[in-house]
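Structure at a glance
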Amino acid sequence: MSTPPDPWDLSEVDAHTIQQFTHQPLGWQDIPWAEHLSHHWHNRWVSFPIVLAVVLVVISGRYGRQPAFHSLLRGLWLALLGTGWLAVALGEWQYRHFDAGQWSNVAQVHRWGGYFSLSLGTLAYGVWGRRQTWPAQHLAYGRWWWGFVSWCALLFGVGLLGGLLSSAH
Amino acid sequence: MHLPIPPASFWSAMLLTGLLVLPVSAHGGHSKDPYHQHQQVKQTEVTLQYQRAAAYAQEQKKAKVPLPANFHAQQPVLKVVLQREHKGIQTRIKIKVTDAQGKAVGSAAGITPTLVSPSGADPHYMLQLPLSKGRYFIMVQFMTPEGLQRAAFSLPVS
């Protein structure tokens with residue numbers, strides 16, 4: 001029979017283990033995206049808005065003027081923004097309610113993924129606006145990029161606010 | 001190519017962004033000080049402070065707490081404060097420090113810091129730790145009524 005390891009002997013604790021435990025917010029480049037997207041089944045959901053956004057941008061650009069595609073585009077666009085906001089809300093909540101360790105990393109994935117989805121959603125909105133179809137009719141022709149820039153500025157502000165508030169003690 | 005004058009929505013978004021961002025970025029505080037970090041682990045607040053020996057000695061003098069017998073005036077101090085409901089706690093504690101490459105600083109099995117001022121003002125744990133330039137990872141393990149807890153910090157020394 002082997003004796004259980006002494007929990008007070010920290011010989012097995014290495015830099016990687018400690019790093020996993022730190023409460024430091026992970027930067028975009030520090031998040032192991034490939035691992036999150038391919039290995040953890042629950043995190044495969046992160047790929048959902050990304051794929052959705054790419055599909056949306058392609059369909060908007062190619063078929064945005066055809067009325068037959070409007071309800072599909074409307075649904076996809078709302079799904080994308082909804083998923084983005086859900087991910088952001090979940091990430092911000094997790095970030096505030098879990099102390100350290102893996103949870104803060106998962107929270108970061110949700111937060112970054114959510115803001116990324118919102119940005120992609122904004123891009124899709126801009127592409128669609130350029131095709132002069134719903135829901136961007138109010139963005140007059142020639143001004144769609146100002147709408148896009150405004151959205152980006154707003155998202156950037158919200159993202160920065162969230163990030164700063166989370167890191168503020 | 002001439003860009004049109006931006007519409008009111010653009011300026012509104014810019015203004016709103018400014019209004020949101022400026023007060024937050026103006027908020028400094030010690031959260032931005034890498035040598036003074038806080039973490040909440042369950043109901044325990046863990047504070048880690050890395051400071052010069054002279055600054056530490058001055059703080060202790062101000063609090064009228066004698067320095068530990070083996071205090072070395074040249075070696076920087078890693079100070080750890082464990083608090084529950086804003087009161088310092090005494091418990092078993094161990095600290096493990098590694099550099100960015102994973103090499104342990106001090107004992108690989110962990111270092112037991114010195115408890116200072118257990119019944120006086122500002123009870124804390126201290127460890128004299130000369131660290132050269134680089135990034136270090138620090139794990140603080142301690143016992144609470146909820147069981148064994150760990151807090152980890154990333155300390156950039158410049």
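Predicted model, so just to flag it, every value in this text is computed and none were measured.

Considering the overall build of chain B
Looking only at helices and strands, one finds two helices and 10 strands in chain B. For chain B, the succession of helices and strands along the chain, N to C, is α-β-β-α-β-β-β-β-β-β-β-β. Taking all 158 residues of chain B together, the buried fraction comes to 27%.

Some remarks on the overall build of chain A
For chain A, the helix and strand inventory stands at six helices and zero strands. The buried share among the 169 residues of chain A stands at 33%. Looking at chain A alone, contacts between residues at least 24 apart form 65% of all its contacts between residues at least 6 apart.

Quick notes on the pairing of strand S2 (residues 44-51) of chain B
Residue and element names in this part refer to chain B. Taken together, the six bridges between strand S1 (residues 36-41) and S2 define a ladder with antiparallel strand orientation. If you follow glutamine 37 over to S2, its bridge partner there is leucine 48. Between S1 and S2, which pair antiparallel one after the other, the connecting turn spans two residues, and lysine 42 there sits at a positive phi close to 50°. Sheet topology note: the S2/strand S3 (residues 77-84) ladder contains eight bridges and is antiparallel. In the sheet register, threonine 47 faces S3, and the bridge partner there is valine 81.

Details of the nonpolar core
Nonpolar side chains in soluble globular proteins tend to end up buried together. One finds B:Val80, B:Ile138, B:Met139, B:Val140 and B:Ala152 to be the most contacted residues of the largest nonpolar core, which totals 31 residues. Those elements that provide at least two residues to this core are helix H1 (15-21) of chain A together with S2, S3, strand S5 (93-99), strand S8 (124-128), strand S9 (134-144) and strand S10 (147-157) of chain B. For this core, the leading source of residues is S9(B), giving six residues. Ignoring anything within four residues of it in the chain, the contact list for B:Val80 reads B:Val46, B:Thr47, B:Leu48, B:Ile95, B:Pro113, B:His124, B:Tyr125 and B:Val140. Listed in part, the seven residues of the second largest apolar core include A:Ala53, A:Leu73, A:Leu80 and A:Leu120.

Structural notes on the sheet that holds S9(B)
Residue and element names in this part refer to chain B. Strand order in the open sheet made by the four strands is S6-S5-S9-S10, with antiparallel pairing throughout. Pairing within the sheet leaves two strands with one partner each, and these edge strands are strand S6 (104-105) and S10. Where S5 lies against S9, seven bridges are found, and the strand directions are antiparallel. Paired with threonine 98 across the bridge in S9 is phenylalanine 137.

Topic: the confidence of the model for chain A
For chain A, the average pLDDT comes to 68, and 48% of its residues sit at 70 or higher. Contacts of residues 133-142 of chain A to residues separated by more than four positions or lying in other chains number 17 contacts, the stretch itself having pLDDT below 50.

Digging into the pairing of S10(B)
Residues and elements named next belong to chain B. Note that S9 and S10 share 11 bridges and pair antiparallel. Looking at S10, one finds that tyrosine 136 is bridged to leucine 155. Connecting S9 to the next strand, S10, in antiparallel fashion are two residues.

Brief notes about the environment of B:Gln83
Residues and elements named next belong to chain B. With respect to the element layout, glutamine 83 can be found in strand S3. Glutamine 83 sits in the partly exposed class, given 16 other C-beta atoms within 10 Å. When the C-alpha positions of glutamine 83 and threonine 47 are compared, they lie 8.3 Å apart, and in sequence the two are 36 residues distant.

Calculation notes
Residues numbered from 1 in each chain as written. Chains lettered and ligands numbered in written order. Predicted model: local features only at pLDDT ≥ 70, side-chain atom pairs only at ≥ 80, totals over all residues. Helix = DSSP H or I, 4+ residues; strand = E, 2+ residues; numbered from the N terminus. Buried ≥ 20, exposed ≤ 12 C-beta atoms within 10 Å, placed from the backbone. Contact = placed C-beta atoms within 7 Å. Pairing = 2+ DSSP bridges. Core = buried A, V, L, I, M, F, W, Y, C linked by C-beta atoms within 7 Å. pLDDT = per-residue confidence, 0-100.

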